[in-house]
Amino acid sequence: MSLFGPDNLPYGVFSTPGHERRIGVRLGDSVVDVAEFLPWPSLTPFLALGRPEWTERRARIRDALPRLTATAIDEVELHLPFEVADYTDFYSSEHHAVNVSRILRPGEPGLPPQWKHLPIGYHGRAGTVVVSGTPVLRPYGQLGPGVFGPAQRLDIEAEVGFVVGVPGRRIPTGRFRDHVFGVVLVNDWSARDIQAFEYRPLGPFLAKSFATSISPWVTPLEALADGKPPEQDPRPVPYLLPSGPGLDITLRVEWNGTEVSRPSYTHMYWTAAQQLAHLTVNGAAVRTGDLFASGTVSGPTETGSFLELTENGTRPVRLGDGKERGFLRDGDRVTISATAAGAEGGTIGLGPVSGTVCP
Ligand code: MN
């Protein structure tokens, strides 16, 4: 059974040589043209329609699948599936937060004192969110006092991203599904040396804004089963309750074709519904096409960044070609894919999102 069967049908935007962009759904290793139901060159107008239309058009597409035109996936070009309005990145894995603290701030307390009271995040840069396959240029920056040059500690962050369809402010956790259309996989490329020098007191700035890759496929929430809600102690303040469900997603990180980690989203402390409620509780608006990401997905043993996997480069991993790596070298390719519990009982595929580092 394919991970991309009729119970999955993620949405993307594709083109074939000499033709305009169209919306398609992935079925197996092909792209099915659904322009008859979604007649736009981008998912953005569809995202704005809201939950009843999302559900109805999906049902009509499923019914029509046998008669629609399919093209092999390797014969199409896949594009950024929607115009990214604003981009926010959270920091909601307790394991990741504790690991980063231990590695970058040895001797200091692990979790920041507010970490279990609110989902920490920062506002990122929408204009440099790119689709899977886009080359990632190694960023230049200040790596320390008086030191300028190409980043030497280039890293990844394997994350799950949430795509906002319906605009809103002060969105209660219980209204999550009315506003959020679906999920993408995210690689939040991070230059650890730039980050270490710049990030206090206002958080990441240039260490992450040079490129953020997303999968070309947006998996609708309808395709995903609800997961177990996280256990949260202390009890969050009322606007963060009820927490909403978790998601049963397992990510897979490949470095030059070698699988190096399989972090599970089930360990995340804050839910996506809580992240959206927090993001908008002060009156801040989200718009159609807003993207907010979970933060690096790390669990007790499997981690979603090379900073953690290699202990800041001091414990290199050996790849399939026998070569060792601490951080990314030019020419390295990283692919993040995932499987998830599907709403209809099976296992479905998410992503993938790939990128190759260029000098
Ligand atoms: Mn991140």
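What you see is a predicted model, and the numbers here were worked out from it, not measured in a lab.

### Here's the deal with the sheet that holds strand β22 (residues 258–261)
Piece 1. Spatial ordering of the open sheet is given by β9-β28-β27-β21-β22, a layout of five strands whose pairing is mixed. Edge positions in the sheet fall to β9 (136–137) and β22, since each has one partner strand and no second.
Piece 2. Here two bridges tie β9 to strand β28 (residues 347–358), and the two strands are oriented parallel to one another. Of the residues in β28, the one forming a bridge with L137 is C358.

### As for the nonpolar core
Piece 1. Residues F162 and F292 are the most contacted members of the largest nonpolar core, which totals 51 residues.
Piece 2. Non-local contacts of F292, meaning those with residues more than four positions away in its chain, are made with T88, F90, V160, G161, F162, V164, F176, V180, A272, Q275, L276 and L279.
Piece 3. Core analysis: the second largest hydrophobic core is formed by 31 residues, V13, I23, L68 and Y87 among them.

### Section: the side chain of T44
Piece 1. Examined against the element boundaries, T44 turns out to sit in helix α1 (residues 44–47).
Piece 2. Since its relative accessible area comes to 16%, T44 is described here as buried.
Piece 3. For T44, the contacting residues outside a window of four places in its chain are F82, E83 and T288.

### Observations regarding the coordination of the manganese ion
Piece 1. Taken together, D89 (OD), E157 (OE), E159 (OE) and D188 (OD) make up the full set of protein donors to the manganese ion, lying 2.1 Å away.
Piece 2. Written as a sequence motif, the donor residues of the manganese ion are D-x67-E-x1-E-x28-D. Judged on exposure class, the residue E157 and its partner E159 are both buried.

### With respect to unusual backbone geometry
Piece 1. Residue P201 follows R200 across a cis peptide bond; omega there is 10°.
Piece 2. Looking at the element boundaries, P201 is found in the loop between α5 (192–198) and β17 (212–214).
Piece 3. With an omega of 0°, the peptide bond between G351 and P352 qualifies as cis.
Piece 4. Positive phi is not limited to glycine here, since L9 has a value of about 50°.
Piece 5. On the basis of relative accessible area, L9 is assigned to the buried category, the value being 2%.
Piece 6. Notably, N312 is not glycine yet its phi reads approximately 60°, a positive angle.
Piece 7. Mapped onto the elements of the fold, N312 is located in the loop between α7 (306–309) and β25 (317–318).
Piece 8. We classify N312 as partly exposed; its relative accessible area is 21%.

### With respect to the side chain of E157
Piece 1. Considering the arrangement of structural elements, one finds E157 in the loop between β12 (154–155) and β13 (158–164).
Piece 2. By relative accessible area, E157 is classed as buried at 4%.

### Some thoughts on the domain arrangement of the protein
Piece 1. Taken domain by domain, the protein consists of domain 1 (11–79) and domain 2 (87–358).
Piece 2. Distance from the C-alpha centre of domain 1 to the C-alpha centre of domain 2: 27 Å.
Piece 3. Here domain 1 meets domain 2 over a buried area of about 1,600 Å², counting both sides, of which 64% is carbon and sulfur.
Piece 4. If you sort the residues of domain 1 by the area they bury against domain 2, Y11, L47 and R51 come out on top, with a joint share of 38%.
Piece 5. On the surface where domain 1 and domain 2 come into contact, there are two salt bridges.
Piece 6. Between R51 and E222 there is a salt bridge; the shortest N-O distance is 3.0 Å.
Piece 7. Run the count over domain 1 and domain 2 and you get six residue pairs in polar contact (both at pLDDT 80 or more).
Piece 8. Those elements that provide at least two residues to the side of domain 1 that touches domain 2 are β1 (11–15), β2 (22–27), α1, α2 (51–64) and β5 (77–79).
Piece 9. Of the residues forming the side of domain 1 that touches domain 2, the biggest block, five residues, is contributed by α2.
Piece 10. Of the residues assigned to the side of domain 1 that touches domain 2, the class counts are ten nonpolar, six polar and four charged.

### Things to note about the packing of aromatic side chains
Piece 1. Counting across every chain of the model gives eleven aromatic pairs.
Piece 2. The interplanar angle of 25° and the centroid separation of 5.4 Å between the aromatic rings of F162 and F292 together place this pair among those described as stacked. Of this pair, F162 sits in strand β13 while F292 sits in strand β24 (residues 291–293); the two residues are 130 residues apart in sequence, bridging distant segments of the chain. F292 carries the same exposure label as F162, and that label is buried.
Piece 3. On the numbers, 3.7 Å between centres and 5° between planes, the contact of W255 with F306 is stacked. Note that W255 is positioned in strand β21 (residues 249–255) and F306 in helix α7, a separation of 51 residues in sequence.

Calculation rules
- Residues numbered from 1 in each chain as written.
- Predicted model: local features only at pLDDT ≥ 70, side-chain atom pairs only at ≥ 80, totals over all residues.
- Heavy atoms only, no water.
- Pairing = 2+ DSSP bridges.
- Helix = DSSP H or I, 4+ residues; strand = E, 2+ residues; numbered from the N terminus.
- Core = buried A, V, L, I, M, F, W, Y, C linked by side-chain atoms within 4.5 Å.
- Buried < 20%, exposed > 50% of the residue type's maximum accessible area, 1.4 Å probe, protein only.
- Contact = heavy atoms within 4.5 Å.
- Donors = N, O, S within 2.8 Å, 3.2 Å for Na, K, Ca; no water.
- Domains from an automatic or database assignment.
- Buried area = accessible area lost by both parts, 1.4 Å probe.
- Salt bridge = Lys/Arg side-chain N within 4 Å of Asp/Glu carboxyl O.
- Polar contact = N/O pair within 3.5 Å; in protein donor to acceptor, adjacent residues only side chain to side chain.
- Nonpolar A, V, L, I, M, F, W, Y, C, P; charged D, E, K, R; others polar.
- Phe/Tyr/Trp six-rings, centres within 6.5 Å; stacked < 30°, edge-to-face > 60°.

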